[in-house]
Amino acid sequence: MSVNCDFCNTKISSKYILAKHKQTESCQRIKRELEYSKNIIELNNKNNELEKIINYQNKELDKKDTIILTLENKIKSLEDKSEEYRKIVEKAATKSTKTVNNNNNKNTYNHNNYLNYISQEPLKFSELRQNISKLVTTKTIMFDNDDFNEHITKNILRDENGKDKVLCTDINRKNFTYKDEKSGQLVSDPELEKLREQLVKSSNNQSIKKDLLNKLIKKYDGTGDDPYNKFYEYLQNIQFGIPFIEHVAKKTYIKTKPNSNINDSNSLNSLKDEEKVYFRNELSLVTPETELSKILSEKMSIDDINNINIESIDDFEYIDKLYNKMKEFDNE
């Protein structure tokens, strides 16, 4: 009974002859070629599997980069909205109260009073990036908001003796003063806008953000908590927004400094007339509770806005209505 060689497919008359045939050089050569082809196929298959794994990992990295970009765009959008609200506060504070004050005695008093409390060191913008790179890490970004803001305040806004380089001179309107790095003169920076812009730029480290996201993904894997929500929450620290402004204001407000307790009637009575005017203006805080209903009123005037402590309003519904009302005044 004839059989076929399973190597070269040659037809052989018997199994006995087949065994001898398989030992021939021609059959062995075909066998080696078949084995080589088989190995090549297996190697190609392994390479294909490896490429699939690499492509999958690259796609996952691309997804992370896309999420980071999306979150950064969302943060930018919130910053833009925050800037609009800042302008509302500024307009509300100045629109109907713009006056020219030629009282040199008052200005001299303010200047001298600030110098009593502010550090001799200027606020050095030129060193911010270098200092921030040491202070903003994946560990410190994960501090709670108050701890992170105090971390920056302590290490950037105070000198080695613990004296403030920045003073809040009007806690209601969030006006700040510090010494200019070049001139050494006191300069004003409402809501620390210039300083915060530099802090945000100096803290924008993509490597730290990616490391933070990877740590959060590992930390919350299988816990049911969304690491991306945590990631977005921690990134708010390095946006240096309203919580940062509030924190610095409370820590550096000049009226909270020793020997300047102007709430004490005896201390107030001991001041000169021009000093009394200055301090009373600084203390005239208007709470929003009794005025919020006016935001919903069609009869609301610019004077009503001036009587509202806008920054203490947390409800965005009221802020939006107030914003729209300000737009109406601009169009008048």
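In short, a report on the structure.

Basis of the calculations
Going along each chain's sequence as written, the residues are numbered from 1 onward. Totals for whole chains, interfaces and linings use all residues, but because this is a predicted model, local features are given only for residues with pLDDT of at least 70 and pairs of side-chain atoms are given and counted only at 80 or more. Only heavy atoms go into the side-chain values, all of them from the structure, while hydrogens and water stay out. The criterion is simple. A nonpolar core is a set of buried Ala, Val, Leu, Ile, Met, Phe, Trp, Tyr and Cys residues joined through side-chain atoms within 4.5 Å. A 1.4 Å probe rolled over the protein chains alone gives each residue an accessible area, and that area as a share of the maximum for its type sets the label: buried under 20%, exposed over 50%, partly exposed in between. Strands qualify as paired when DSSP identifies two bridges or more between them. Secondary structure follows DSSP: runs of H or I at least 4 residues long count as helices, runs of E at least 2 residues long count as strands, and numbering of each begins at the N terminus. Here the axes come from fitting lines to C-alpha atoms, over the contacting stretch only for helices, and the angles between their N-to-C directions go from 0 to 180 degrees. Any two residues whose heavy atoms approach within 4.5 Å are treated as being in contact. Each angle is binned into one of four classes, with values under 35 degrees roughly parallel, values over 145 roughly antiparallel, values of 65 to 115 roughly perpendicular, and all other values oblique. Crossings are sorted by hand: turned counterclockwise from the far helix by less than a right angle, the near helix makes the crossing left-handed, and turned clockwise it makes it right-handed. Put simply, Ala, Val, Leu, Ile, Met, Phe, Trp, Tyr, Cys and Pro go in the nonpolar bin, Asp, Glu, Lys and Arg in the charged bin, and everything else, Gly too, in the polar bin.

In this section: the nonpolar core. Counting residues in each nonpolar core, the largest one holds 36 residues, and the members touching the most others are Ile152, Leu157, Val166, Phe176, Leu192 and Phe244. In terms of nonpolar packing, the next biggest core, distinct from the first, is built from six residues, Val3, Cys8, Ile12 and Leu18 among them.

As a further point, take the sheet that holds strand S3 (residues 166-170). The strand order S3-S4-S5 describes an open sheet built from three strands, whose pairing is antiparallel. Edge positions in the sheet fall to S3 and strand S5 (186-188), since each has one partner strand and no second. Neighbouring strand axes in the sheet, compared pairwise and without regard to direction, differ in orientation by 30° on average. Of the strand pairs in this sheet, S3 and strand S4 (residues 175-179) are connected by four bridges, and their pairing is antiparallel. Bridge pairing links Val166 to Tyr178 in S4. Of the strands in this sheet, S3 and S4 are in contact with helix H10 (residues 242-252), which crosses S3 at around 90°.

Our next topic: the packing of helix H4 (residues 128-135) against helix H7 (residues 193-203). Two elements in contact, H4 and H7, have axes whose closest approach is 9 Å; the angle formed by their N-to-C orientations is 55°. By the angle between their axes, H4 is oblique relative to H7. Handedness of the H4/H7 crossing: right-handed. Between H4 and H7, the contacting residues are Leu128, Arg129 and Ile132 on the first element and Leu195, Gln198, Leu199, Lys201, Ser202 and Ser203 on the second. Here the residues of the contact of H4 with H7 are counted per class, giving four nonpolar, three polar and two charged.

This paragraph deals with the pairing of S4. Counting buried positions along S4 yields four of five residues, so the element is predominantly enclosed. Counting the residues between successive antiparallel strands, the hairpin from S3 to S4 contains four residues, one of them, Lys174, with a positive phi of roughly 60°. Bridge count between S4 and S5: three bridges; the pairing is antiparallel. When the bridges of S5 are listed, Tyr178 appears paired with Val187. Linking S4 to S5, which pair antiparallel, is a turn of six residues; within it Gly184 sits at a positive phi near 80°.

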